[in-house]
Amino acid sequence: MVVKTRKQNVKDQPPQPNVDDRDRSPFVSPGTGKSRRAGKGTPFNSLLHNKNGLFPGFSFIRSKLGLTPSAFVKLGITLVLAALAGYLHWYHLSRLFENDRHFSHLSGLEKEMAFRTEMGLYYSYFKTIIEAPTFLNGLYLVMNDRLTEYPLVINTLKRFNLYPEVVLASWYRIYTDIMEFFGLPTKMCWSINRGEGMAAVDGCEGMGDPAYFYVTFVFLLNGLMMSLFFIYGTYLSGSLNGSVSVGLCRWMSLPLASCPFPHLSLQRTRNPSKKAMWALAISNLCFMLPWQFAQFVLLTQVASLFASYILGYISPTKMQSLLVTHMITLAVCFVLMFGNSMLLTSFYASSLVSIWGMIALRDKFAGAFKPGLITWVMQGLVCVVSTVILKFMLSAVFGASDDAHISSLIKSKFTSYKDFDTMMYTCAAEFDFMEIETPLRYIKTLLLPINMLVVAVIAGRVKTSFLVYHSLQLIAFVVLAMLIMRLKLFLTPHMCIMASLICSKQLFGWIGEKFKLHVMVFGILSIMAMQGAANLQAQWGIMGEFSNLPQEQLLDWIRDNTPPNSVFAGAMPTMASVKLSAGRPIVNHPHYEDAGLRERTKLVYAMYSRKSAEVVKRNLMQMEVDYFVLEDSWCTRRSRPGCSMPEIWDVEDPQNAGKVPLCTLMSRDSRPHFATVFHNNVYKVLKVPKASKELR
C-alpha cells in the first residue's frame, strides 16, 4: 500500500411567413436526392460518393440516411464535436466533485456517507446487488426488502425507481468478473493518514471500487446529456454555431445537472413518423423508469403540445398519435414498475385521457364555437377541469393517496393552506418559490434577455409548430421553477437550448447576410462569457474535503455494539446512512412519496414535537423500534421563522403549542422513558424499551 496524506481543509433571406413543419436542418439538404447534385467539386465528396472509393462503408451509411456527401460530412463533424463536448463536460463535473470532496482519498465508509438522503438510499440497493452471491439473488433481495420499512416486506422495484441501480449493478458485476478472469487490477488502494489524531483509513480509486464506479457513470450520463444538447442545438438552430452556443451557455450558467434530462432531450421531433414515435416511446420509457417525478415533467410536455394543438400548429391526427404513444409508454412503465398505482392516478395519465377525449369529440362542438381567444381559453379550462376530476376519480377507484401531498403542496402555493407534509417541503429552500438571485444570474449571463428575444421573434414571425412548442415548453418550465425552485434544473438547460436559436437563419435572417449574423452571435457570446468566466472561476476555485466524524463515530458504534436485526428510527437522511453503511433495518427513509411512509415519518418525528414522552415512546414501541437517533440540530434549526420542527408540529398539534419540545427534554436527560446508550456532539442514541405483545 502507498501512504498518502490528505490536503488541508478549505472549504440568407428572411423566411417566408407560411412554412410547414419541414424546417431546415444542417444535416438534410432541401429537395430530393435526384433533383440535387451530390457533392460536386471536392475530392473528399467524390470519395464519399463513390461506392468503390476510400470510404465505401461511409457511402453505404450515407445512402441509408439519405444524405448528400456535404450533409454527411457536416453530420460527422457535429457528432465528433458533440462527443468532445460530452467528454469536456464529464471531465468538468468529475473534477468539480473531486475538488469539492477529495473523493478519491476517502475511505469506503466516508464515500458512503457522502451519498446523502435519497442518493444514499438508492446506492444501498446497488450495494445490495453487487454484494449478493449472484445477481439474481441480489435482485431477489431488493424485490423482497426487509430493511427499508421494517417490519414490512416491500418490492423496492415497485416502490422506487431503481432500474438505473439494477443496470449499473449488473454492469459492475460483469466488469469485475471479466477483469478477474484476465487477472487485471481494477483499483489501486492506499493507506491514508487523516491527521488530527485520527486513525489511518484505507482508500481505493478505480472502477473496481463500487462508489467510484457508481459516480463515474453518473458523470458519464451527464456527459451524454451535454452531447445531446450539442446535437440538438445544431438540429434546432440549423447551424453548428447553435450547438456551440448551447455548450457555452450550459458551462457558463448555473452548475445544474439532471440524470433523466438526456432522455427528455430525445423526445423533440418535427415530423412524428413511425420511427419517430418509436423513438419517443423508448425515450419516454427511459425517462420515466429512473425518476418518480418524470410524470410531472411529461405533464408539462403534454400541456405544451395541447396548447400548440389549440392554436392550430398541430393537426388533430398528429396530436392523437402523440397521445397514444404516451399512453402506451405509460402502460409499459406501469407493468415494469409492478403495478405502481401512482402512475395511473397521476395528473399526467388523466391529462392524456382528457385531451384524447376532447380531440375525439371535436367535430360535435366544432360548429358551436368559432376559432378565437374565447374558444382557446374554454378548451384550456375544459382540459384542466376534466383532468383534475378524472385524476381524483381514479385515485378513489384505486384507493391511492401516494401523491396527495403534491396536490396539497400546489394548494399551499396559492392559498394559506398548510399541514405537516406541505411544510416539510415548503420549509426546505429547494421547494420554496424561486429566489431573486436566480433571475439575476440569468440576466447577468444574458440567458434571460436572449430567451425573451427568441420567444418574441417566434411569436411575431414564425408559424412553425416545432418552434412554437419549444416556446410553450419554456413557459411551462418557467412556471414550475417559479413555484418550486428545485425544478429550475429543467429551466436552465431549456433556456440554453432556446439560446441556440440566436444562430437560426429562419428567425434572424432579416438581419442580413451571414457575416452580420455571425458578428451578432459572436458579440452576444462574448458578453455572456464575461459573467460566465467568473462563474467558472468560482466553481473551479472550490477546494474542500468531505469529513463527517460525528456520523462516522455513530455508524461505527452501531456496527460494533448492536445486533444486525436492531431496528432504528430517526431523521430521514440519517436513516439512509444507517441502512447503507450499518445494514440495520429502519422504519423511515427519505423517499417521501408514499402515504404510508409519510405517516410513519410523522410518528417518528413526534420526538421533535411538544407531545409527551409517553406518547412518543408508545408510538416507537408499536413500530418495533429498538433505537432512536436523536439530533439536536433538528430540534433547534430553522430555515426561516415558523420552520423549526417544533413550530411545524404546532400547526399539526396546536393543543400542545407553547410547551417545551420533547427533543429539548431528551437532550438534557432521556430518563425514565429512554436510555442513552451513545452520544457525541451531534448524535444521541436512545434505547427504546421493548413493547409487550398487547401493545404490538
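Quantities reported herein were computed from a predicted structural model and do not represent experimental measurements. Along every chain, residues carry numbers that run from 1 in the direction the sequence is written. Reporting of local features is limited, given that this is a predicted model, to residues whose pLDDT is at least 70; pairs of side-chain atoms are given and counted only at 80 or more, and all residues count toward the totals for whole chains, interfaces and linings. Based on all heavy atoms of the structure, the side-chain values leave hydrogens and waters out of the count.

**Observations concerning the packing of aromatic side chains**
Here is the rule: What counts as a ring pair is set by centres within 6.5 Å for rings of Phe, Tyr and Trp (its six-membered ring), and what kind of pair is set by the plane angle: stacked under 30 degrees, edge-to-face over 60, tilted for all other angles. Strands are runs of DSSP state E lasting at least 2 residues, helices are runs of H or I lasting at least 4, and numbering of each runs from the N terminus. The classification of residues rests on relative accessible area computed with a 1.4 Å probe and restricted to protein chains. Under 20% of the type maximum is buried, over 50% is exposed, and intermediate values are partly exposed.
Evaluation of the coordinates by the stated rule reveals 35 aromatic pairs. Where Phe-126 meets Tyr-214, the ring centres are 5.2 Å apart and the plane angle is 55°; that geometry is what we call tilted. One end of the pair, Phe-126, is in helix 5 (residues 117-131); the other, Tyr-214, is in helix 9 (residues 210-237), and 88 residues separate them in sequence. Using a relative accessible area of 0% as the deciding quantity, one classes Phe-126 as buried.

**Some points on the pattern of salt bridges**
The test is simple: By convention in these notes, a salt bridge is any Lys or Arg side-chain nitrogen within 4 Å of a carboxyl oxygen on Asp or Glu.
Taken as a whole and assessed by the stated rule, the structure comprises 17 salt bridges. Taking the shortest distance from any N to any O, the salt bridge between Asp-653 and Lys-611 comes out at 3.6 Å. Of this pair, Asp-653 sits in the loop between helix 32 (645-652) and helix 33 (662-668) while Lys-611 sits in the loop between helix 29 (595-604) and helix 30 (613-622), and the two are 42 residues apart along the sequence. Among the charged side chains, a network of salt bridges with common partners joins Glu-149, Arg-159 and Asp-594.

**Section: a nonpolar patch on the surface**
The test is simple: Each patch is assembled from residues with relative accessible area greater than 30% and no salt bridge, linking like charges that lie within 9 Å and nonpolar side chains (Val, Leu, Ile, Met, Phe, Trp, Tyr) that lie within 5 Å. Method for areas: the Shrake-Rupley scheme with a 1.4 Å probe, in which residue coverage is limited to the protein chains shown.
A surface patch of nonpolar side chains, amounting to about 610 Å² of accessible area, comprises Ile-77, Leu-81, Leu-84, Tyr-87, Leu-88, Tyr-91 and Leu-240. The leading source of residues in the nonpolar patch is helix 3 (residues 69-101), at six residues. Its location among the elements puts Leu-84 in helix 3.

**Quick look at helix 5**
Applicable threshold: For a helix, the expected span equals 1.5 Å multiplied by the residue count minus one. By definition in these notes, contact holds between two residues if any of their heavy atoms fall within 4.5 Å.
Here helix 5 contains 15 residues, and its C-alpha end-to-end distance of 21 Å stays within 8% of the 21 Å for a straight helix at 1.5 Å per residue. By the criterion of burial, helix 5 is predominantly enclosed, with eleven of the 15 residues buried. Regarding helix 5, the residues found buried are Glu-118, Gly-120, Leu-121, Tyr-122, Tyr-123, Ser-124, Tyr-125, Phe-126, Lys-127, Ile-129 and Ile-130. Looking at the packing, one finds that the buried side of helix 5 touches helix 4 (108-114), helix 6 (135-143), helix 7 (156-159), helix 8 (163-181), helix 9 and helix 28 (572-582).

**With respect to the pairing of strand 7 (residues 683-687)**
What counts is decided by this rule: Paired strands, as defined in this entry, are two strands with at least two bridges between them according to DSSP.
With four of five residues buried, strand 7 is to be regarded as a mostly interior element. Both strand 5 (residues 627-631) and strand 7 contribute to a ladder of five bridges, which runs antiparallel. Residue pairing across strands places Val-629 opposite Val-685, the latter belonging to strand 7. Counted along the chain from strand 6 (residues 675-679) to the antiparallel partner strand 7, the turn is three residues long.

**Focus on helix 6**
Put simply, the test is: By construction, the arc corresponds to the directions joining the helix axis to the C-beta atoms.
Taken residue by residue, helix 6 has Gly-138, Leu-139 and Val-142 as its buried positions. For helix 6, the angular spread of buried residues about the axis comes to 100°, placing them on one side. Residues of helix 6 that are exposed and angled more than 90 degrees away from the buried face: Leu-136 and Tyr-140. Its buried side turned inward, helix 6 meets helix 5, helix 7 and helix 8.

**Some words on unusual backbone geometry**
Here the amide bond leading from Tyr-150 into Pro-151 is cis, since omega sits at 5°, within 30 degrees of zero. For Pro-151, the position within the fold is in the loop between helix 6 and helix 7. Note that the residue after Arg-671, namely Pro-672, is joined by a cis bond; omega there is 5°. Mapping Pro-672 onto the fold places it in the loop between helix 33 and strand 6. Phi is positive for His-102, close to 55°, though the residue is something other than glycine. The exposure class assigned to His-102 is buried, which follows from its relative accessible area of 8%. Of note, Glu-624 is a non-glycine position whose phi angle comes to about 65°, a positive value. We classify Glu-624 as partly exposed; its relative accessible area is 23%.

**A word on the state of the cysteines**
Put simply, the rule reads: Two cysteine sulfurs form what is called a disulfide whenever their separation falls within 2.5 Å.
Applying the stated rule across the entire model yields three disulfides. Two residues, Cys-189 and Cys-204, share a disulfide whose sulfurs are 2.0 Å apart. Given an S-S torsion of about 100°, the disulfide between Cys-189 and Cys-204 has right-handed geometry. Taken as a pair, Cys-189 in strand 2 (residues 188-193) and Cys-204 in strand 3 (residues 201-205) lie far apart in primary sequence, 15 residues in all.

**Let's talk about the side chain of Asn-680**
The condition that has to hold: A 3.5 Å cut-off defines polar contacts: any pair of N or O atoms within that distance qualifies, except that in protein one atom must be a possible hydrogen donor and the other a possible acceptor, and neighbouring residues in sequence count only when both atoms are side-chain atoms.
If you trace the backbone, Asn-680 turns up in the loop between strand 6 and strand 7. Only 3.0 Å separates the side chain of Asn-680 from the backbone oxygen of Pro-550, close enough to count as a polar contact. Reaching out from Asn-680, the side chain makes a polar contact with the backbone nitrogen of Val-682 at a distance of 2.9 Å. Sequence-distant contacts of Asn-680, defined by excluding residues within four places in its chain, comprise Pro-550 and Gln-553.

**Description of the sheet that holds strand 7**
Filter applied, for reference: Lines fitted to C-alpha atoms define the axes here, with helix axes fitted over just the stretch in contact, and angles between the N-to-C directions of these axes take values from 0 to 180 degrees.
What the four strands build is an open sheet, ordered 4-5-7-6; its pairing is mixed. Strand pairing shows two members of the sheet lacking a second neighbour, strand 4 (568-570) and strand 6, which therefore form its edges. The mean inter-strand angle of the sheet, taken between neighbouring strand axes irrespective of direction, is 30°. Relative to strand 7, strand 6 runs antiparallel, the two sharing four bridges. Along strand 7, the bridge assignment pairs His-679 with Lys-684. This element, helix 28, spans strand 4, strand 5 and strand 7 of the sheet and lies at about 155° to strand 4.

**Observations regarding the packing of helix 12 (residues 274-288) against helix 13 (residues 294-310)**
Which entries qualify depends on this criterion: Under this scheme an angle from 65 to 115 degrees is roughly perpendicular, one under 35 degrees roughly parallel, and one over 145 degrees roughly antiparallel; angles in between are oblique. Just so you know the grouping, Ala, Val, Leu, Ile, Met, Phe, Trp, Tyr, Cys and Pro go in nonpolar, Asp, Glu, Lys and Arg go in charged, and all remaining residues, Gly too, go in polar.
Between helix 12 and helix 13, the shortest axis-to-axis distance is 9 Å and the interhelical angle comes to 140°. Judged on the interaxial angle alone, helix 13 and helix 12 are oblique. Across from Asn-284, Phe-287 and Met-288 in helix 12, the residues of helix 13 making contact are Ala-294, Val-297, Leu-298 and Gln-301. Of the residues that constitute the contact of helix 12 with helix 13, the class distribution is five nonpolar, two polar and no charged.

**Observations regarding the nonpolar core**
We apply this condition: Throughout this description, the term nonpolar core refers to a set of buried Ala, Val, Leu, Ile, Met, Phe, Trp, Tyr and Cys residues connected via side-chain atoms within 4.5 Å.
Tyr-605, Met-607, Leu-620 and Phe-628 are the most contacted members of the largest nonpolar core, which has 116 residues in total. One finds Leu-106, Ile-129, Leu-139 and Trp-557 within the second-largest nonpolar core, a separate group that totals 47 residues.

**Let's talk about the confidence of the model for the protein**
To keep things clear, this is the line we draw: Confidence scores labelled pLDDT are given residue by residue by the predictor and lie between 0 and 100.
Here the protein averages 83 in pLDDT, while 85% of its residues score no lower than 70. In the model, residues 1-42 has pLDDT below 50 throughout and makes 86 contacts with residues more than four positions away in sequence or in other chains. Low pLDDT, under 50, characterises residues 254-267; the stretch is placed with 50 contacts to residues that sit more than four places away or in other chains.

**Remarks on the packing of helix 8 against helix 9**
Basically, it comes down to this: Working rule for handedness: look at the near helix, and if it is turned counterclockwise from the far one by less than a right angle, call the crossing left-handed; if clockwise, right-handed.
Close contact between helix 8 and helix 9 brings their axes to 11 Å; oriented N to C, the two are set at 125°. Taken together, helix 8 and helix 9 sit at an angle that is classed as oblique. Crossing of helix 8 over helix 9 shows right-handed handedness. Of the residues in helix 9, those in contact with Glu-165, Leu-168, Trp-171, Tyr-172 and Tyr-175 of helix 8 are Pro-210, Phe-213, Tyr-214 and Phe-217. Of the residues in the contact of helix 8 with helix 9, the class split is eight nonpolar, no polar and one charged.

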